[in-house]
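Commentary on secondary and tertiary structure
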Amino acid sequence: MILDYENINELNRYKIMSGSIIPRPIAWIVTEDNGILNAAPFSYFIPISTNPALVIVAIGKKDDGSPKDTLANILKAKKATICFPNKSNVEQVQKCANQLAKDESEIEKFEIEVKRELEDYPPIISSTQTALFCEYFDTYKIAGDTTPIILKINFQYIEDGRINERNHTNIESIGRVGVTFKAMIDL
C-alpha cells in the first residue's frame, strides 16, 4: 500500500507518522515567563548536531490557533530546559500535555517538584535523570501550523551515578511509541 500524504488530512498524517516513526524521545520542556513556569511534553524532537550541540523540536499551536506557551516563552526569554521523562514521572508528563491558560503553571497545578540548578535557565523537574539547558538558536520556517525551533545545548544535568568514566550514560528514559509511552531498555 502506498499512502499519498497529499490526500491524508493533518490529524491522520500525525497518527500514521507517530505510529510508524518509533520510538520518539520526549522533550519535557520547562520555560518561564513572568515567574510562571510552563512544562510541556513534545515527541517531535531529536538531536541534529553535536558541533554545535543542537536539537530541534516541532511545536504546534493551541486549539485556538495561538502559539503554544512553550514557543512564546522560548522566543521571548531565549532559554529552555529540556527534561527527559522516566517511569517515575510519566503520569505527570501526561498531565502536562493538557492545554492550560497562559497564566496557569503546570508545575503548580499538577504539584510537580522542580529545582533550579542554573540561575540563568528554567528549573529542572526534580525527578528527571538528565536535562539539557538550552538557548534559542533558530527557527526553521515551514508552511502549516507547526514551528520547528532549534535550540543550542549549553549545559547538561546528569543525576549522580548515571555517567561513567568513559562518558557512557545510564538514563532510564521513556519514549513515545504511537500513542503510548514505553520504557527504553537494553536488549
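Reading the values: the criteria
Residues numbered from 1 in each chain as written. Predicted model: local features only at pLDDT ≥ 70, side-chain atom pairs only at ≥ 80, totals over all residues. Heavy atoms only, no water. Helix = DSSP H or I, 4+ residues; strand = E, 2+ residues; numbered from the N terminus. Rg over C-alpha atoms; globule rule 2.2 N^0.38 Å. Contact = heavy atoms within 4.5 Å. Areas by Shrake-Rupley, 256 points an atom, 1.4 Å probe, with all protein chains shown as cover. Lys, Arg positive; Asp, Glu negative; His and termini not counted. Charge placed at Lys NZ, Arg CZ, Asp CG, Glu CD. Pairing = 2+ DSSP bridges. Axes fitted to C-alpha atoms, helices over the stretch in contact; angles between N-to-C directions. Core = buried A, V, L, I, M, F, W, Y, C linked by side-chain atoms within 4.5 Å. Buried < 20%, exposed > 50% of the residue type's maximum accessible area, 1.4 Å probe, protein only.

Focus: the overall build of the protein chain
- Per the secondary structure count, the protein chain includes 4 helices and 12 strands.
- In terms of C-alpha radius of gyration, the protein chain reaches 16 Å, essentially the compact-globule figure of 16 Å for 187 residues.
- By sequence separation, contacts in the protein chain at least 24 residues apart represent 62% of the contacts at least 6 residues apart.
- Here the protein chain displays about 11,100 Å² of accessible surface, and carbon together with sulfur accounts for 50% of that area.
- The distance from the centre of the 21 positive side-chain charges to the centre of the 26 negative ones in the protein chain is 4 Å.

Some thoughts on the sheet that holds strand β10 (residues 147-158)
- Reading across the sheet, the 7 strands line up as β3-β2-β6-β9-β10-β5-β4 and stay open at both edges, with antiparallel pairing between neighbours. This sheet does not close on itself; its edge strands, each paired only once, are β3 (36-42) and β4 (45-50). On average, each strand axis in the sheet is inclined to that of its neighbour by 35°, with strand direction left out of account.
- Here 7 bridges tie strand β2 (residues 27-33) to β3, and the two strands are oriented antiparallel to one another. Note on β3: the bridge partner recorded for Ala-27 is Phe-42.
- Where helix α2 (residues 69-77) meets the sheet, it contacts β2, β3, β5 (53-59), β6 (79-83), β9 (130-139) and β10, and its direction lies at approximately 55° from that of β2.

Comments concerning unusual backbone geometry
- With omega at 5°, the peptide bond leading from Asn-51 into Pro-52 counts as cis.
- On the secondary structure map, Pro-52 appears in the loop between β4 and β5.
- Even without a glycine there, the phi angle at Lys-78 is positive, about 65°.
- Mapped onto the secondary structure, Lys-78 falls in the loop between α2 and β6.
- Of note, the phi angle at Asn-167 is positive, near 65°, even though the residue is not glycine.
- Mapped onto the secondary structure, Asn-167 falls in the loop between β10 and β11 (174-177).

Considering the nonpolar core
- If you look at the biggest cluster of nonpolar residues, it comprises 18 residues, and the most contacted ones within it are Trp-28, Cys-83, Ile-112 and Ile-125.
- For this core, the elements supplying multiple residues, two or more each, are β2, β3, α3 (90-96), β8 (124-125) and β9.
- Beyond its immediate stretch of four places on either side in the chain, Ile-125 contacts Trp-28, Val-30, Cys-83, Ile-107, Ile-112, Glu-113 and Val-114.
- One finds Ala-40, Ala-80, Leu-132 and Leu-151 within the second-largest nonpolar core, a separate group that totals 17 residues.

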